[in-house]
Each structure stands twice: as C-alpha cells, then as structure tokens.
Amino acid sequence: MEFPKDIKYTREHEWVREDGDTVVVGITDYAQDALGDVVYVELPQEGGSVTKDEPFGVVESVKAVSDLYAPISGTVVEVNDAIVDSPEVINEDPYGDAWMVKVRPGNPDEIEDLLTADEYQKYIEEEK
Amino acid sequence: MGEKAEKTAIERFKSEPLIFERSSKGRAGVLPPAPDVPSVCPEDVLPAGFLRGDIEGFPEVSEGDCVRHYTRLSQMNIGVDSAMYPLGSCTMKYNPKVNEDTSRLSGFSALHPYQPEELCQGALGLMHELEGYLCEISGMDAVTLQGAAGAQGELCGLLMAGAYFRAKGRPRLKVLIPDTAHGTNPASSSLAGFSVVRVASGSDGVIHPEDVKKLMDRDTAALLLTNPNTLGLFEENIMEIADIVHSKGGLLYCDGANMNALMGIMKLGDMGVDLVQMNLHKTFSTPHGGGGPGSGPLGVKKALVPYLPVPRIRKKGRRFALDFNKKKSIGRLKAFYGHFSIMVRAYTYIRLMGYRGLRRASEMAVLNANYMKERLKKSYHLPFDRTCMHECVLSDRLQTPKGVTTLDIAKRLIDYGFHPPTIYFPFLVQGAMMIEPTETEGVETLDDFMEAMEAIAKEAEENPRLLKDAPHTTRISRVDETWAAREPVLRWTGEKLKIHSGCSKSSRCKASRSEE
Amino acid sequence: MKKSRGFPYIPHTEEDIRRMCRAVGVGSVDELLDIFPAGLRLKGPLNLPDGLSEQEVKGLLEKISAGNSTTADYSSFLGAGAYNHYIPSAIDRIISRSEFYTSYTPYQPEVSQGTLQAIFEYQTLICQMTGMEVSNASLYDGASATAEAVLMARRITAKKKVILSSALHPEYRQVARTYLSGAGDGIEEVFYCTEKGTTLPEAVKAVMDNDTACLVVQHPNFFGCCEDVAALADIVHEKKALLIVTVTEPLSLGILRPPGETGCDIVAGEAQSFGIPLNYGGPHLGFMATGGRNSRQMPGRIVGQTIDRKGARSFCLTMATREQHIRREKATSNICTNQGLNALACAVYLALLGKGGLVELARLNLSKAHYLKERLAAVGVKTAFSSPFFNEFVIETEEPAKQPASTASQPSSTERFLKTLLKKGIIGGLSLKRFYPSLDRHVLVTATEMNSKEEIDGYAAVVADVFLKA
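About the criteria used
Residues numbered from 1 in each chain as written. Chains lettered and ligands numbered in written order. Predicted model: local features only at pLDDT ≥ 70, side-chain atom pairs only at ≥ 80, totals over all residues. Heavy atoms only, no water. Helix = DSSP H or I, 4+ residues; strand = E, 2+ residues; numbered from the N terminus. Rg over C-alpha atoms; globule rule 2.2 N^0.38 Å. Buried < 20%, exposed > 50% of the residue type's maximum accessible area, 1.4 Å probe, protein only. Contact = heavy atoms within 4.5 Å. Domains from an automatic or database assignment. Salt bridge = Lys/Arg side-chain N within 4 Å of Asp/Glu carboxyl O. Pairing = 2+ DSSP bridges. Axes fitted to C-alpha atoms, helices over the stretch in contact; angles between N-to-C directions. Buried area = accessible area lost by both parts, 1.4 Å probe. Polar contact = N/O pair within 3.5 Å; in protein donor to acceptor, adjacent residues only side chain to side chain. Nonpolar A, V, L, I, M, F, W, Y, C, P; charged D, E, K, R; others polar.

Moving on, we get to the overall build of chain A. Across its full length, chain A carries four helices and nine strands. Moving toward the C terminus, one meets the helices and strands of chain A in the order β-β-β-α-β-β-β-β-β-α-α-β-α. For 128 residues, the compact-globule estimate of 2.2 N^0.38 gives 14 Å, and the C-alpha radius of gyration of chain A, at 13 Å, lies within 12% of that figure. Going through the 128 residues of chain A one by one, you find that 53% of them count as buried. Taking the contacts inside chain A whose residues are at least 6 apart along the sequence as the reference set, 63% of them involve residues at least 24 apart.

So, in structure tokens, the structure goes:
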C-alpha cells in the first residue's frame, strides 16, 4: 500500500495535495482498498462551498458506503467528472487520475493540521 | 451434432430466456370471457389524450410456455423444501403444507376488506383470537396485526413511542441502538423522527448496564434491543437494563425477530419489554416467498395501548367489530387490516403446535444451535464461546491466512447442497457466518451440514482455489455484483447483453473482496 | 399432562435429544436453558390450546372460514382499492412451487436465479405498464408505496410541503400522515371538484409554492374518475415540485395513457388486481416506478442484470447501498421483507394475459362498468360526477329533497339502500360517508369481468324496487 510523502492525510482517509492556490482532494489507497470495488461516487457542484470535517460527497462499493469529509473549508473550483462515469479509477489510481475535487481554501492554515504520510500510516496501523 | 451446436444447445438449457424473449406476436396464455354486455369503445367514453398506444415489448406467450418458463426458473432456486437453509436471523423453518390450504380457503381468500362486518365474523374472530395468542406468547397486553412485515411493525412501535412522549408533553428525540442490531432498527428510528445513539456491546457479546446508564437520559425515548441478539446470545442483563431505561421514564423496545428461541420458555413482557414486534414469517412458520409477504404484529404494554394504530378489533358479546375511533392512536399504518392470509397461516401453525409444540420448537431450536456450535468451533473461529440461543456466529479468521473468506465458504456450501448461512452480519464480527438451523432440521441433517463445513475447512487448507471458484454445480457461476452496480441494467429493453471486457475483468478479480 | 404423540414438524426423538445433549455437554435441555435467569423462566405452560392434528386444524379453519360470506357467495360491486378479478389457475400452481415460496430474499444469487429473474421481469412489466424507466422489486401495498413516494420526493427536492388530492384513497392519505408524522407532517389536502369528481387544478395552484415537494393524485381517482394528469404535471413542475401518480386499479393502464407519458415523476400504487386474491385486504402488492435519474433515491430492493464469471447473463440484487442493512439510519427506507411472491404472481398474471388479453380485459371492465351505469340510470339512479371513468364510479342513493332528517338512531338512506341489496345477495358498493361526511348518500360502485350481465341487471332491478317504494 502506498502513502506518498508529498501529500497530507486526514483521519477520515482523504488526501490533500497543494497545487498553487488550490488544493486537490481524493481518498487514500487504504480507503479504496477497504471499500473494495468502487461502483458509485457523488461529488459536490462546482462553485459550492465545503466545510472542514463535514461531508461533501459519497463513495460506494457494492456493500459499503462512506461519506467523504472535507479536509479543509473552502470553495470547490473544479470537480473530476471522469470518476463519476468511471468509478473504477478510484481503485486503480487513487492518488492520480482519481482526484475528486479542487478546493480554494478559505483558511490555508487548516492544511497545517493535517497528517503527514508517516503520521497517517501510524494512525491506520493503530486502527487495525 | 457438431461440437459448436451441442455447446449452444447446452448453454440454452442452462439459461432461461426472459419471458419477453419467449414472446411471439399473437399468442395468448389466458383469454378474458367474451363480453355479455354491449362493448364500449374507449374512444367513445374517454378523451383521446387519456388513451394509451401499444405497449411495446409486452409478452405474448401460450399458457404452456408461460408455465414452463416459470417452472424452469423455480428450478434455479433453493427453498427450505429443497435444502437446509440456515440463514441466521431469518428462521427458515419448515412451513407446514396445511398452512397453504387453510389460507386459500375461499371463505378467506375471496373476502373483500370493505364487506359489511356481519359477513366477516369468521375473519375478525380469527384475528382477535390470534392477537390473544400472540399476547400470551410474548407476555404483552395488546397486539396489533397491522404491520406488513417486521420493519413496519417496528416503525409502528417507534411512532407509538414518539406519540406516547408527545402526549406526556415532553417529546423525546433520541433512541439507543446496540451495534449488533438489524439495519431496520436505525432505519425505522430515523423514519419515525428519532436520532440514533449507538450502544457498544461488551467483549462478551452482550450489552452492559453501565454502558446504557451512561447514555440513557430524559431525552431518550427508547432502547431498542434484540433479544436474543444477532450473535445468538441472550441479553442476560436485560432486567437491569430495563430498570435503567424505565428509571429515566424511557421505553424498552424489543426486536422480536429472534423469538424462536423463547416460546413457552420466557416471555419478553416479563423482562420489562414495553413494545415488541414479532415476525410471523420467522417464528410462526409462514413462508418467506422469496422475500415476502411477511407479517409484523406489534405487542405492547398497557400504557401504550391508546396509541395503537386503527382500526382495532373489538368484541361485543359474541360479535366482532372494527373500531376506528381511538383518539390517541397514531393513525393508520396500512391500507385495510394487515396481511390477513399470513395471519391465517400463523393461526393454523399455533393450533397445530399448541402450547407444548411451541415450547418444544424453541427448545429444539436452541439445542440444534448449540449442537452445531460445539462441533463447528473445532474447525472455525467462534468469537463468543458461550451457550448460544437459536443461532451461532462463526468467522473466517482461521481461513483468511489461506486467502479464503466467508464468501468463498458460503459459495462452496452450495456445492455441498446447502443454502449458505447469513454472511458478513453482524458487523461486529469480521467475516461473520451466522448459522440458524431452526428446530425443523433433524440431527442427521445437522451432521451432514457440519461434515460439509468440515470438508470445506479442509479444502481451504489444501486447495483454496476450489473455494475461490465456487460454486461449481450451479447453472451459473459466481455472479459479478460489482458489474451490476457499476452499470445498472434494471429492466429488459430488448438490447443484447453488452459485455465490456475491461470492466468485467477488473471487477472479476476483486469480486470476492468487495463483500468483505 | 397427556403423553406426547410426537411433533410432525420437529424431527427429534428422545434418543436424538440425549445424544445431542451429550455432545453439547449438558445432561438435559433444561440444563442448557439454565443460562436464563431463573426468575424469568416460565413456571407453567403457556395458556394456549393443546396442539391438534392436521385434520382437526383443517376442519377448524374450514369452520371459521364458513363464518364469512364472501364475493364468491354474493354479487359484489365493491372495489375502492381492492378488486375482484378472475385469477387464472396457472398462477397458483406456479407460486405454489416450493422453490419459490419457501425461499428467502435472494441474497445468494447463484441459488436464487429463479426469484431474481422473475423480479427482473416484474420490474420490466411495471415499467411497461406505467411508462416509467425503473421499478423496484415491490413494496407492501399501495398505501405505503404512496407514503414512500412522498418521502422520496422530499429527498429529491430537499423540500418539505406535501400536497395530497382529497380524491386520493382516504386510507392512503391516512397512511401517508402516519408515515410522515415522525418527520413533522407538512401535509396539505386539496379539494376535488364536486361536479367533476377530479382534483381541482385551481386549488392545486393556490397551495403550490416554492417549498412544495410534491403533489399526489390518484388516477383513476378514488371516485373512479380519470384525472387530467398532464395538466396537473404542468402546474407542479412550474414550482419545481414532483408529481406522484397513485394507481389503485392498474388494469386501467390497459387502455389509459401511462403516467410516464403525461409528466409524472413517480408512480406508486397497488397491483392486487394482477393475480392476487382479495384476502380480506392483504397481502396485496405495492409497486413503485420512476425516472432513471431518481433510481438511487428509490426505497426497497432492486434487481439488476449482470454476468457470472463465465460471462453468462445472470441477475442479482443491486444498488443495495440505499438500503437499511447497509446505510442504516441514512437508508432510503426501513423496508426489508417486501411482497416477493406477489410480485411473482403479478408477473405470471401479466405474462399469461399478454398484450392482447390485457387490452381486452381492460375494455371488458370498461364495458361492464358503463353497462352498470346505464342500467342504474335507467331506474333513476344518478351518477355523482361527470368525469370519464374506468371500472368504478359514484352513485347517489337518493334525491337530496327526499332525504329524511336523519337522526343518529335511524339508519341513513344509504345504509337502507345497501341493506336492501344485501338481503337480495348483492354487496352494493362502498358507502362514502365514513370517508367524506359530505358524501353521505353516495356509494362507490365497481364492476369487473366478474360481474355478469345477469348480476348487473339484478342490481338494477333491486334498486328499481327500492326507488319505486321510496
């Protein structure tokens, strides 16, 4: 299982990558593996706002469903519609093609609160 | 016959086309009688805009074709009559055949719900008597038969709990639900307007009074308990828990889905339970019908009687009447009076069994489950090793190191001629297999089942592939549920089956894992 | 206590029990039950009758059933949400196949293809009948299907207010109120046109606002009148609300334009007409169908097509994440057990009847009801509403002027009307007074293929007699 060092993580198993003045959000390798084959994703509208620790979407496998929690607050500037049509990408490339939304942070400091790869890895070890 | 032709013919035999694909223009399976009154043209009595055109694709088959089609479909099913069906928490007991005859008597089946009461005295009397029997078995003060199934009975109970507190002038908005509960418990609660607070089970698989004490307050309407719980364990602290709930003015609701362990041995009403729904299609031998219809009566204690749904059946002297006038009632739960023909089956069963038969049923259900548990724990992980009630829960922990999961074990059981148990429930046990033999299986059948389970445990060690590819003996091989969910095809449209190789391949290799 | 004679549904012999107890490590079943707190164990037997033989029980039930008189004994003109239709023999033969009726919900698709394929066919048939894109695998009855449709409309629109036509089956309205009482009712009812018997578009317009989730109308409505669904759809959609059409007599869809073609968003209803006995009101068959984009908001089970590992067509339950066993308190509904076997009966019924038979039977019902109306008119009975109808309509049992000042102790004219008919072996219809106080001399009458010309003539003759004497 991969945990790239250049991104941040949440305890709800989302990842966050800084990209200029926006951040890219997706779900981790661990999350996609725990869910199994993803069959459905529901993402917010472009232009909408998300609130830290509040649900902003849903991801479903055949027999499990999980809310997506916003790692930070801000405005949704772009949504990855490709994964809505081909949710299997989430299993295949969780950190790449399967990014979910790009958010312009309301408070960039919130990124500092997120976990590093090492911290996240340690957290999921304890979860097990 | 050429090899290819032979293969096609066998394929054709193995699958059954859809009824629409069996259709040919101009065929008919049943004819309406010729009109004995002047024919009215729809165009003459209805505006043109109200009339429909052709129903494209609607079937046209002969009676013989139709009967063969559905007979062949039936042969692709397993029922309780074909094999042991140890589906945990579903109580798949044998359904006495006479139930089917009595419920089809024309005096019952041809009865219209709006006939004058004087023509329905037999039916009303039967319902009244059945209410009484269910009160006696559960230890409650009154029963409504309106619930169409367990979940609707449960919704009824929760709506009544809501009304009860509203009438007291202090509405309560929360309910407590253990983590082992059936999914209907939280779903019905939220439908009834309650927010759900989860109660964790102890390491011994039951709920502990101190955990309830911490969560129970004067905003909590009820604790929803399943007893015996879905681990097949008796909630032994129930009296103490009931006291805690009652001391805060709350109600104890019991999901009676597992009542098959208790008949004639204990009464839920004696354990401080205020409301309980019963499932006639589980405990009282009415058939499951491939998913229903069931029936979910609700029993309540005296304080809740005013809130029962209308109509109530009232006895006036020797006559029975429907009473619609109950001021505090939550209203009507269902059109008409409930699933009457299911009630007839349950009534038939209770009269066949009598008080001794019902007690015997529960005793043997408990004995059967313990008999299986004692032997199977040698080849499968048993998370809670204590006397169980009518069912026991095993897990795949001993098999997972070989890559074999509960799903594989379940599918392999099919090859041995058994319906699999309930799998991956309760969530508390990872890779759960919930086995409920019921009392109608004799010791030889139980032995056969356990031999199959043991053989599978051995196969898991020696030849895991055999399990991963199971079932091998059914007309179709393992079904790709991922594909169904990714590209939903929910009706026939005349289009040929499209197989996207890429998609099916990716989901195929993970098909087993998706259920874990 | 009498010596036990054995239990036909419990195979255990005393020897089996001893052997099993030994294996479990207890001396007796009683010892096994010692895990129960002693104070809770019942001291004596249940206060129930002793068991009986099959022969005795069958005799007993025959006796109880003989205490009823049914539509088989009387000429019945009752409908109002439960219809007396002929049920072809093949249906009971098929649903009595124990592989169908003794199986559970098809959780294991490899051993449930029969049930799954039959439900897939049922879903398709419901879509074809209603003109909608997706159907679920059934709901309890028309009333709960309507209530579930309302909840679904609230989820889709994220709005609260619900408008029910007062010409929707009164019991369905009551059930909707019960179902919604937990979530703060928010229901308003709009009156029907007293002349036409249909939902008043002006009344709908007056109560529709931007917070309205849906309007529910029945078609044909409770009075048997056909609603102008397309016109109502326009009013509803203007406020971005959904139109729910409830159908209690789906046979009408053999000739009526399906709701899916007239702007309906969700069709909910009752399909008891399709091969299911009256059964004193249940079990019947709730159905629901909608547009494809709403499928994830549907309650209940859904069967989908898929493939097995060898690429062969097969079927399984799908989109289960909507359901209670996975989504728990966030599920689209609490429903678990549904009406599986009745959905099968419905599929077999429609397959047997076929395209031609369905249209022919619908026309026959139309003809019977119109003949009944004509015969009653000939003896001076007025029809209450002017709208076109399918197989039921409302009659007035007496001229208003002739109505005596009724007192509580005196039976009303309607009661006398129905009692007179009953004495002649005719169940004359449903008195509407209990549901609509203003319709206190009105009776809803229904005629189907089960009502022969002779029966209809007989009805008119008795009525003529009553009216002449009055």
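Before going further, it helps to examine the domain arrangement of chain B. Looking at chain B, the domain boundaries give domain 1 (8–74), domain 2 (120–353) and domain 3 (365–515). A separation of 43 Å is found between the C-alpha centroids of domain 1 of chain B and domain 2 of chain B.

What follows is about the pattern of salt bridges. When their charged atoms lie close together, side chains carrying opposite charge are able to pair. For the structure shown, the criterion picks out 66 salt bridges over all chains. A salt bridge links B:Asp385 to B:Lys377, with the shortest nitrogen-to-oxygen separation between them at 3.2 Å.

Moving on, we get to unusual backbone geometry. Backbone torsion omega between B:Val310 and B:Pro311 reads 0°, so that peptide bond is classified as cis. The residue B:Pro311 is located in the loop between strand S7 (298–300) and strand S8 (312–316) in this model. In this structure, the amide linkage connecting C:His219 to the following residue, C:Pro220, adopts the cis form with an omega of -15°. Inspection of the secondary structure puts C:Pro220 in the loop between strand S5 (212–218) and helix H10 (229–238).

Residue and element names in this part refer to chain C. Across the sheet, which stays open at both edges, the seven strands sit in the order S2-S8-S7-S6-S5-S3-S4 with mixed pairing between neighbours. With partners counted over all chains shown, the strands left at the sheet margins are strand S2 (134–135) and strand S4 (187–190), one partner each. As judged from the four bridges shared by strand S3 (residues 161–165) and S4, these two strands associate in the parallel manner. Within S4, the position partnered with leucine 164 by the bridge is glutamate 189. On top of the sheet, H10 reaches S5 and strand S6 (242–247); it is set at about 150° to S6, its chief contact.

Across the boundary between the two partners, chain C contributes 190 residues, which contact 207 residues of chain B. When chain C packs against chain B, the two sides together hide about 17600 Å² of surface, and 64% of this comes from carbon and sulfur. For the chain C face of the interface with chain B, the top three residues by lost area are C:Tyr9, C:Tyr280 and C:Arg309, together amounting to 6%. The interface formed by chain C and chain B contains 14 salt bridges. Along the contact surface separating chain C from chain B lie 98 residue pairs in polar contact (both at pLDDT 80 or more). Ranked by residue count, the leading element in the side of chain C that touches chain B is helix H12 (residues 340–378) of chain C, at 23 residues. Among the residues making up the side of chain C that touches chain B, the classes are represented as 95 nonpolar, 59 polar and 36 charged.

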